[in-house]
Amino acid sequence: MPENISQPPLMSRGMKAVLLSQFLSAFADNALLFAILAQFKSSLYPEWSQPVLQMVFVLAFILLAPFVGQFADRTPKGRVMLSGNLLKFVGAFLICVGSDPFLGYALVGIGAAVYSPAKYGILGELTDGERLVKANGLMEASTIAAILLGSVIGGLLSDWSIVFALGVCAAMYALAVFVNFGIPKLSAAQIGRGWNIKKMFIQFLEATRTLWADKESRFSLVGTSMFWGAGVTLRFLLVQWVPIALGMTDNTTPTVLNAMVAIGIVVGAGLAAKFVTLKTVRRCMPAGILIGLGVVYFSLQTSIIPSYLILIIIGVFGGFFVVPLNALLQDKGKHSVGAGNAIAVQNLGENTAMLLMLGLFSLVTSIGISVVAIGIGFGAIFALAIGGLWLWDCTRKRS
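Residues numbered from 1 in each chain as written. Predicted model: local features only at pLDDT ≥ 70, side-chain atom pairs only at ≥ 80, totals over all residues. Heavy atoms only, no water.

**Structural notes on the overall build of the chain**
Counting secondary structure elements, the chain contains 15 helices and zero strands. For 399 residues, the compact-globule estimate of 2.2 N^0.38 gives 21 Å, and the chain sits close to it at 20 Å. Referenced to the eigenvectors of the C-alpha coordinate spread, the extents of the chain come out at roughly 60 × 50 × 40 Å. Looking at the chain as a whole, 57% of its 399 residues are labelled buried. Counting every atom, the chain has about 16,000 Å² of accessible surface; 71% of that belongs to carbon and sulfur. For the chain, the separation between the mean place of its 27 positive charges and that of its 17 negative charges on side chains is 7 Å. (Helix = DSSP H or I, 4+ residues; strand = E, 2+ residues; numbered from the N terminus. Rg over C-alpha atoms; globule rule 2.2 N^0.38 Å. Buried < 20%, exposed > 50% of the residue type's maximum accessible area, 1.4 Å probe, protein only. Areas by Shrake-Rupley, 256 points an atom, 1.4 Å probe, with all protein chains shown as cover. Lys, Arg positive; Asp, Glu negative; His and termini not counted. Charge placed at Lys NZ, Arg CZ, Asp CG, Glu CD.)

**Concerning the side chain of Asp29**
Looking at the secondary structure, you find Asp29 in helix α2 (residues 13-42). Here the side chain of Asp29 touches Lys88 through a polar contact of 3.0 Å, side chain to side chain. Once you skip the residues sitting within four places of it in the chain, Asp29 turns out to touch Lys88, Tyr105, Val108 and Tyr173. (Polar contact = N/O pair within 3.5 Å; in protein donor to acceptor, adjacent residues only side chain to side chain. Contact = heavy atoms within 4.5 Å.)

**Focus: helix α8 (residues 162-180)**
With 19 residues, α8 ought to run about 27 Å at 1.5 Å a step, and its terminal C-alpha atoms sit 28 Å apart, in line with that. Within the sequence span of α8, burial applies to Ile162, Ala165, Leu166, Cys169, Ala170, Met172, Tyr173, Ala176, Val177, Val179 and Asn180. (Expected span 1.5 Å × (residues − 1).)

**Things to note about the environment of Phe227**
The residue Phe227 is located in helix α10 (residues 215-246) in this model. Measuring from C-alpha to C-alpha, the distance between Phe227 and Gly318 comes to 7.8 Å, with 91 residues separating the pair along the chain. Beyond its immediate stretch of four places on either side in the chain, Phe227 contacts Ile291, Gly318, Phe321, Val322 and Phe382.

**Some words on the layout of surface pockets**
Taken as a whole, the largest pocket encloses approximately 370 Å³ of empty space. If you go around the largest pocket, you meet 21 residues; those closest to its centre are Lys41, Gln50, Val239, Pro243 and Asn251. Those elements giving two or more residues to the lining of the largest pocket turn out to be α2, α3 (49-74), α10 and α11 (252-275). Among the elements that line the lining of the largest pocket, the one with the most residues is α2, at five residues. Across the lining of the largest pocket, the residue classes break down as 11 nonpolar, seven polar and three charged. Considering only enclosed or pocket space, the second largest pocket measures out at about 320 Å³ in volume. Looking at the second largest pocket, it is lined by 14 residues, and the ones nearest its centre are Leu360, Ile374, Gly377, Phe378 and Ile381. (1 Å grid on protein atoms, 1.4 Å probe; cavity = no way out; pocket = protein on both sides within 12 Å on 5 of 7 lines; lining within 4 Å. Points joined across faces, edges and corners; volume = space filled by probe spheres on them. Nonpolar A, V, L, I, M, F, W, Y, C, P; charged D, E, K, R; others polar.)

**Notes on the nonpolar core**
Core analysis: the largest hydrophobic core is formed by 87 residues, its most contacted members being Leu32, Ile36, Tyr105, Trp241, Leu311 and Phe321. Looking at which element gives the most residues to this core, the answer is α10, with 14 residues. Setting aside anything within four residues of it in sequence, one finds Trp241 in contact with Leu246, Leu257, Phe298, Ser299, Gln301, Ser307, Val371 and Val372. Formed by 30 residues, the second largest nonpolar core is a distinct cluster that contains Met15, Tyr115, Leu126 and Ala342. (Core = buried A, V, L, I, M, F, W, Y, C linked by side-chain atoms within 4.5 Å.)

**Quick notes on the pattern of salt bridges**
Per the counting criterion, the structure on display carries two salt bridges. Notably, a salt bridge pairs Lys88 with Asp29, separated by 3.0 Å at the nearest N-O pair. Of the two residues, Lys88 sits in helix α4 (residues 77-96) while Asp29 sits in helix α2, which places them 59 residues apart along the sequence. The closest approach of N and O atoms between Arg282 and Glu216, which form a salt bridge, is 3.0 Å. (Salt bridge = Lys/Arg side-chain N within 4 Å of Asp/Glu carboxyl O.)

**Some words on empty space enclosed by the protein**
Tallied over the full model, the rule gives one cavity of 30 Å³ or more. In this structure, the largest cavity encloses a volume near 950 Å³. If you trace the largest cavity, you find 44 residues lining it, with Asn30, Thr143, Ile147, Trp228 and Met354 closest to the centre. Broken down by element, the residue count for the lining of the largest cavity peaks at seven residues, all from α10. Looking at side-chain class alone, the lining of the largest cavity contains 25 nonpolar, 13 polar and six charged residues.

**With respect to the environment of Val322**
Summarising the element assignment, Val322 is placed in helix α13 (residues 304-334). Look at Val322 and you get buried, because its relative accessible area is 1%. For Val322 and Thr224, which are 98 residues apart along the polypeptide, the C-alpha to C-alpha distance reads 6.2 Å. Excluding residues within four positions of it along the chain, Val322 makes contact with Thr224, Phe227 and Trp228.

**What to know about the confidence of the model for the chain**
With 91% of its residues at a pLDDT of 70 or more, the chain has an overall mean of 83. Element-level mean pLDDT values for the chain span from 47 in helix α1 (residues 2-6) up to 93 in α8. Long-range and interchain partners of residues 1-5, a stretch whose pLDDT sits below 50, account for one contact in this model, where long-range means more than four residues apart. (pLDDT = per-residue confidence, 0-100.)

**Some points on the environment of Leu24**
Residue placement: Leu24 occurs in helix α2. We classify Leu24 as buried; its relative accessible area is 7%. For Leu24 and Phe204, which are 180 residues apart along the polypeptide, the C-alpha to C-alpha distance reads 30 Å. In this structure Leu24 touches Met172, Leu175, Ala176 and Val179, once residues within four positions along its chain are discounted.

Structure (structure tokens):
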């Protein structure tokens, strides 16, 4: 009983500021993506350029992975989040005033790479113990609610005015910067470590080696990397699937379909926070297999209402799958290499998976393979991959 009393409160003022900042930033991230895609569409960019745009974004995560985690651990994480949102604002503003969208979006990607380790790492500083799973559930719910609204509003505004949609995105980033000042200035997790780039790179490699050597951490890293690589590919699959399967050419319908996934993930994250703890993380694995099977079934649809329902269900499985894996890695990282370093290693794995899957998607799109066939193959491979991961984990535990 005393242990529970000594735990920091879950919904402290600082936690509320973190969640609101994350909501605003993620809202702008998703609205901006669909606004740029609408700009590509109106300017007759080739279809393969859409996943390439996202590849530019995730490349920043890969290149900066050795440094951003240590930056988050050696600096108060609230200030790191502020810096990341400020970079996002500058990138969105440049796109608004007519700069190259790939360049502006790359700057947004740099801001996101800086921001990401801090937004998750700070959760372990604001709360701890089993509440960390609940905090992750709240973070995922905040993020997915932002994806839900940002995607839909980004599409709606782009159908009305692309320039106005881009301006709204920049304004939301500016508001996120303002909210960041409400996050308490906690002490840095690691003090006096210095800023030698070579040493930071070596330390990142050591952190990567440490996490991958640990069976629990490796299990989480593989699972989350597969999930987010698949998730970003599904987003672009939807954009190209809508005009072919449903015969709709507006900007709003793909964003609404993405929002259905977001609604499901909010529900799944809540269920994970209620029914899964750090000791029962593996309860999430069947949900991962069902994600892939759901994508296969979805790819065969030709009407809008069943598509909505299937995507919501896929989202529920997604939230239930990824939230416990995130919490497991944060707990392991906090007690080994530092939470910021752990998230940076996770970002490297996830964004490498995204880069590879987006590159493959861009390739098969450019050579003319049907988007329906891509969806079926993609879903089947994902289900088999998660099933293989689960089987590998069960075999490892018995040995």
